[in-house]
Amino acid sequence: MVGNTLRYAVDMLKANMKAAATLRGAYITRSIFNITNHSIYLSLWVLIFDAIPSIGGWRVEHILLAYGLGIFAWGFLSFAAFGIRTLPRQIDDGELDTYLTQPKPVLLNVALGTTQTVGPPEMIFGGVVLTIAGVMTGVSILMLLLMTVCTTVVFTSLVLAYGSLGFWLKGFHGNAEEIYFNFFIIATRPEAVFHGWMLVMIFTFMPVAFMAHVPLHVLLDNNMNALLLLLSATTLIALISYKIFKLGLSRYESGNRFGVRG
Amino acid sequence: MLDGFRKYYIFARTAFRDHTSHRMKLSIRVVLCLFFMFVFVEFWRLIGREEIVTLPYAIIDICWYASLTQMFLFMSPRMFMTIENDVRSGDIAYALIRPMPYIWMRLSEAIGAMTGNTVIYYTVGIAALYLYIGGLPTSGLSGLLSAMFFLYLASITHIFYQLMCGVTALWLQDGESIYRIYQKTLIVLGGLYMPITLYPDWVQTLAYATPVSSMMFAPAQFVLGASSPLSFMTVTLITTFWLGLSGLATLLLFRICTRRLEINGG
Amino acid sequence: MQAISVSDLKKTFKVKKQGAGFSGTLSSFFKPDWQDFEALRGISFDIQRGERVAFIGPNGAGKSTTIKILSGILQPTSGEVSIGGHVPWKEREKLAYDIGTVFGQRSQLWYHLPARDSFSLLASAYDVDEATFQKRIKRLTESFDIGELLDKPVRQMSLGQRMRCEIVASFIHNPRILFLDEPTVGLDVAAKSMIRNLVYESSVQEETTVLLTSHDTGDMERVCDRVILIDEGQIIIDGPVSELRSRYISKKIVSFATKEETIALDITGVKTLETAAHKIVVEVNTDAQHVEHVIQKAMEQSSLRDISVEDPPMEEVIQSIYNKKSV
């Protein structure tokens, strides 16, 4: 049963890649746009650290690490679960109807059922940024890989949780994209910026601290408590997000989302 | 003539109402915006506390500056999406044969929705900032009001660029990617994170040459106190200049792209 | 054997109301006004295995709501449903293997890929093994005549071609029950009749139970043996299609394209609806006159270029049902 689901997931991913291959031109332009986009943003931090060499103990290599983790997660999400990013739009268009009549998990269909995936070029870009930062800081490669996985799981879960708000709010797609993007931005802010209630926020309702701040402690201070905290938080965040999605799905099934449609 | 304007006014008013009726969506966005503004405030307070560099501005002023520029980004509706969707679904073909120009219709709607946002952000947002930052900027109420006034005008320029990004979807099928590049340029050269006066000279020169600095830095620098580099007169001039030029560019681009549409037959 | 059993099914939606004007906007911002809307007011019916049933009614009658509940997409407010022994909203995954769905407005096919890829993906979704899949796809390709469509990207297909592939897609896992929601919406006359024949033939061949919704009486006549007419969330009529036809649909709309500039059809039971150069549209009261006779009369006057015979629109049929019931 699990084997069949896994095989189906692989088949979906293959279909996605095939669709991307038929749209080669669009794929390449989009990738170039995305990387330009990230480069412009990264240059901003170079400018900021040019004016102010150290902010709350963070220097340019900290930003590169945080940003590399984030960008890799973003790339992975776009590649292997693009549909989660467009969840609010899929809900609005009633696309979950078909998935609900099929035997495989709805979330799997949501994540992999839309084409337009980009991602591998962004993952490579993230990898390059991480390599540069890794060389600058001399962190363990194995740990860096593990942190990449954690950041990716946390970010994907956050996108799922906040995207699921689309079950309650119509036309949420635009807002959701804005929110995901801002998660990414907050996660790459120097940790010392956050204190008091803000610190509570980034560990609870908007747990972006687990995207970069905590991984950086694991990487740079070899802090095993931080690692333990990160691993359990990652699992918890993934579980809660899935719960929120399920809750939203039951609202979808109630039909009140759409009201009367004949 | 008056009748013509009335039509657009009605579109704007409808968009205003429609926009303000989505209360959950609006509230979430306001809360997010407040959160991000407060993060900015803390960011600059941290830099102020650390005293690693001496900034030419009072920390309280930079806090206001960074918050207002962030607010600016939240005030505009994402109009490029609407247009891109019109293009993707093919609805634009029907919209084009309506008696009123499509692009002006979308502009009126965007201004209506943006005005709805402005009312909320300029009351709730400014009040919250006043409390959180703990006072007015050193340039006082007049500095703050000038910044708010020009940010509103600049939002219209911002809408023009959004319209342009959306219209390019007729051409490249992908308005969003273009928008994101424009947005990043706006963030960097417009001076979202810090006043562009703190950038290296060559970047400053580059920023001044682009319209994006007139949209965020120029209006928001009124809260930077006595040392704000641009006068009221200068900002009035560059704002009007770029508003007019961007409007013209939008019209031109729209004409070119729709001509392509007619040739390609949709 | 019973395939579908529904009893006292009810569904109520909550609908938000907004007042007019600025004050309306303001007050609904702070205190939205929710209203209940009863989409289904307690409907019951049973469907035997192999039966083909049309669910017809005007827009907003509750057709789609019913089909969505039966296929496991929506949860009802109250009532009982059993589809092949499963309660749809509780045992969705088990149900999924037994049913196939076609929603006229949605696609199960990948837009940029050839149909073949979508079919093989669906086979994977329904755990159909490769050998069985190949056998089925071969048979379906023949009976739906989609040989030259298999390797064509879906985005390049016409709506009619796409719909044929959609139906093939829903047959891949050999479902025992097929739900079709407005399968012919937006299709031209030729494509409509093709789809109707194919659904009919394949359901006979595969012994599939069919439940289709439509607001086109043609779908019901060509495909189904039984009709359930629903309006405002209630069943108005449940019986054989032939009975509905003979009792309530007593009109046909006949259009002629003629070689002659004008022809006149002054026959009892025939009302002229529209005339133009080389064209005449009449309404035939089938209680008083045979359609064949009218066509014969027209042929005597002119060499016809084209004839089309259509049913009156759904709304009129329902109106006539109400009229007869109140008599």
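Refer to the structure printed above.
Since this is a predicted model, take the numbers as computed values, not measurements. (Residues numbered from 1 in each chain as written. Chains lettered and ligands numbered in written order. Predicted model: local features only at pLDDT ≥ 70, side-chain atom pairs only at ≥ 80, totals over all residues. Heavy atoms only, no water.)

**As for the overall build of chain B**
Helix and strand counts for chain B stand at 13 helices and zero strands. Along chain B, helices (α) and strands (β) appear in the sequence α-α-α-α-α-α-α-α-α-α-α-α-α when read from the amino end. For 266 residues, the compact-globule formula gives about 18 Å, and the C-alpha radius of gyration of chain B, at 19 Å, lands near that figure. C-alpha extents for chain B along the principal axes are approximately 60 × 40 × 35 Å. Here chain B, with 266 residues, has 61% of them falling under the buried criterion. Counting contacts in chain B only where the partners sit at least 6 residues apart, residues at least 24 apart contribute 78% of the total. Accessible surface, chain B as shown: approximately 10800 Å² in total, 67% of it carbon and sulfur. A distance of 8 Å separates the average location of the 18 positive side-chain charges in chain B from that of its 14 negative side-chain charges. (Helix = DSSP H or I, 4+ residues; strand = E, 2+ residues; numbered from the N terminus. Rg over C-alpha atoms; globule rule 2.2 N^0.38 Å. Buried < 20%, exposed > 50% of the residue type's maximum accessible area, 1.4 Å probe, protein only. Contact = heavy atoms within 4.5 Å. Areas by Shrake-Rupley, 256 points an atom, 1.4 Å probe, with all protein chains shown as cover. Lys, Arg positive; Asp, Glu negative; His and termini not counted. Charge placed at Lys NZ, Arg CZ, Asp CG, Glu CD.)

**Points about the packing of helix H4 (residues 79-89) of chain B against helix H7 (residues 140-167) of chain B**
All names here are of chain B. H7 packs onto H4 with a crossing angle of 25° between their chain directions and a minimal axis gap of 8 Å. By the angle class used here, H4 and H7 are roughly parallel. In terms of crossing hand, the pair formed by H4 and H7 is right-handed. Touching Met-79, Phe-80 and Ile-83 of H4 are Gln-162, Leu-163, Cys-165, Gly-166 and Val-167, all from H7. For the contact of H4 with H7, a count of residues per class yields six nonpolar, two polar and no charged. (Axes fitted to C-alpha atoms, helices over the stretch in contact; angles between N-to-C directions. Parallel < 35°, antiparallel > 145°, perpendicular 65-115°, else oblique. Left-handed = near helix turned anticlockwise from the far one by under 90°. Nonpolar A, V, L, I, M, F, W, Y, C, P; charged D, E, K, R; others polar.)

**What about the sheet that holds strand S6 (residues 177-181) of chain C?**
All names here are of chain C. Strand order across the open sheet formed by six strands is S5-S6-S7-S3-S8-S9, with mixed pairing between neighbours. Each end of this open sheet is capped by a strand with a single partner; those strands are strand S5 (99-103) and strand S9 (234-240). Each strand of the sheet is rotated relative to its neighbour by a mean of 15°, with strand direction disregarded. Seen against the sheet, helix H6 (residues 159-171) touches S5 and S6 and runs at an angle of roughly 160° to S5. (Pairing = 2+ DSSP bridges.)

**Quick word on the interface of chain A and chain C**
Chain A puts 35 residues into the contact, and the matching count from chain C is 35 residues. Summing the contributions of chain A and of chain C, the shared interface buries around 3100 Å²; its carbon and sulfur component is 56%. In this structure, Lys-68 of chain C and Asp-97 of chain A form a salt bridge, with 3.4 Å as the shortest nitrogen-oxygen distance. At ten residues, the largest contribution of residues to the side of chain A that touches chain C is made by helix H1 (residues 2-22) of chain A. (Buried area = accessible area lost by both parts, 1.4 Å probe. Salt bridge = Lys/Arg side-chain N within 4 Å of Asp/Glu carboxyl O.)

**Notes on H4 of chain B**
Those residues of H4 of chain B that sit buried are Met-79, Phe-80, Met-81, Ile-83, Glu-84, Asp-86 and Val-87 of chain B. Of the surrounding elements, those touching the buried residues of H4 of chain B are helix H10 (173-187) of chain A together with helix H5 (91-96), helix H6 (102-134), H7, helix H8 (169-172) and helix H9 (175-189) of chain B. Once H4 of chain B finishes, Gly-90 of chain B follows within two positions and takes phi at roughly 85°, a positive value.

**Some words on unusual backbone geometry**
Residue and element names in this part refer to chain C. The phi torsion at Asp-8 lies on the positive side, around 50°, for a residue other than glycine. Here Asp-8 shows up in strand S1 (residues 2-17). You will see that Asp-127, though not glycine, has its phi angle at about 55°, which is positive. Within the secondary structure layout, Asp-127 lies in the loop between helix H4 (115-125) and helix H5 (130-144).

**Remarks on empty space enclosed by the protein**
Evaluation of the coordinates by the stated rule reveals eight cavities of 30 Å³ or more. Of the volumes computed, that of the largest cavity is approximately 350 Å³. Forming the walls of the largest cavity are 29 residues, and the residues nearest its centre are Glu-178, Phe-181 and Asn-182 of chain A together with Arg-78 and Gln-183 of chain B. Within the residue set of the lining of the largest cavity, elements represented by two or more residues are H10 of chain A together with helix H2 (23-50), helix H3 (59-75), H7 and H9 of chain B. The residue inventory of the lining of the largest cavity, partitioned by class, reads 15 nonpolar, six polar and eight charged. (1 Å grid on protein atoms, 1.4 Å probe; cavity = no way out; pocket = protein on both sides within 12 Å on 5 of 7 lines; lining within 4 Å. Points joined across faces, edges and corners; volume = space filled by probe spheres on them.)

Structural measurements only, silent on function.
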